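# Results of the structural survey
Next come the chains, spelled out residue by residue.
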Amino acid sequence: MVQAGQRLNPALQQYLRDWRLRDPDLPLPLPVVAQGRRRSYAMVDRLTEQEIQALVESYLAGIHADTLAERYGISLSSVRRLLRQRGARRYNKGGEVDSEAAS
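What comes next concerns the included structure. (Residues numbered from 1 in each chain as written. Predicted model: local features only at pLDDT ≥ 70, side-chain atom pairs only at ≥ 80, totals over all residues. Heavy atoms only, no water.)

### Quick look at the overall build of the chain
This is how the line gets drawn: Helix and strand definitions here come from DSSP, where helices need a minimum of 4 consecutive H or I residues and strands a minimum of 2 consecutive E residues; each element is numbered from the N-terminal end. In this scheme, a residue with accessible area under 20% of its type's maximum is buried, one over 50% is exposed, and one in between is partly exposed, where area comes from a 1.4 Å probe on protein chains only. Throughout, a contact is declared for two residues whenever any of their heavy atoms are within 4.5 Å. All accessible areas in this document rest on Shrake-Rupley with a 1.4 Å probe, and a residue is counted as covered only by the protein chains that are shown.
For the chain, the helix and strand inventory stands at six helices and zero strands. Each helix and strand of the chain, ordered N terminal to C terminal, gives the series α-α-α-α-α-α. Counting over 103 residues, the chain shows a buried share of 20%. Excluding contacts between residues fewer than 6 apart, the proportion of contacts in the chain whose partners are at least 24 apart in sequence is 43%. Of the roughly 8,600 Å² that the chain leaves accessible, carbon and sulfur atoms contribute 52%.

Here is the structure:
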């Protein structure tokens, strides 16, 4: 539904004008709403806690984040966010291998 003050695409405006010129008594066409399942963007809806834990363990074992993103069907930024939220780092701030994460 068009809200007050909202601007319409010029091509749509012309289409609606032409529609009304054909027969002013015709109701305006209703937009078609796509039927189907919307993709959930919440990580908890896409990966189980076990999958997230496996992802973190794989990362700590040396698998690259981009490989994990492809494997789990999520974006690289989502992998990095999950790793950051779980405190998974292979290296400490000094650039040395993090002995706590490696064990």
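### Remarks on helix α5 (residues 76–85)
Going by this rule: Directions are taken from the helix axis to each C-beta atom, and the arc is the one they span.
Considered for burial, the residues of α5 that qualify are Ser78, Val79, Leu82 and Leu83. In an axial view of α5, the angular spread of the buried residues amounts to 135 degrees, which keeps them on one side of the axis. Residues of α5 that are exposed and point over 90 degrees away from its buried face: Arg84 and Gln85. Packing partners of the buried residues in α5 comprise α2 (43–46), α3 (49–60) and α4 (65–72).

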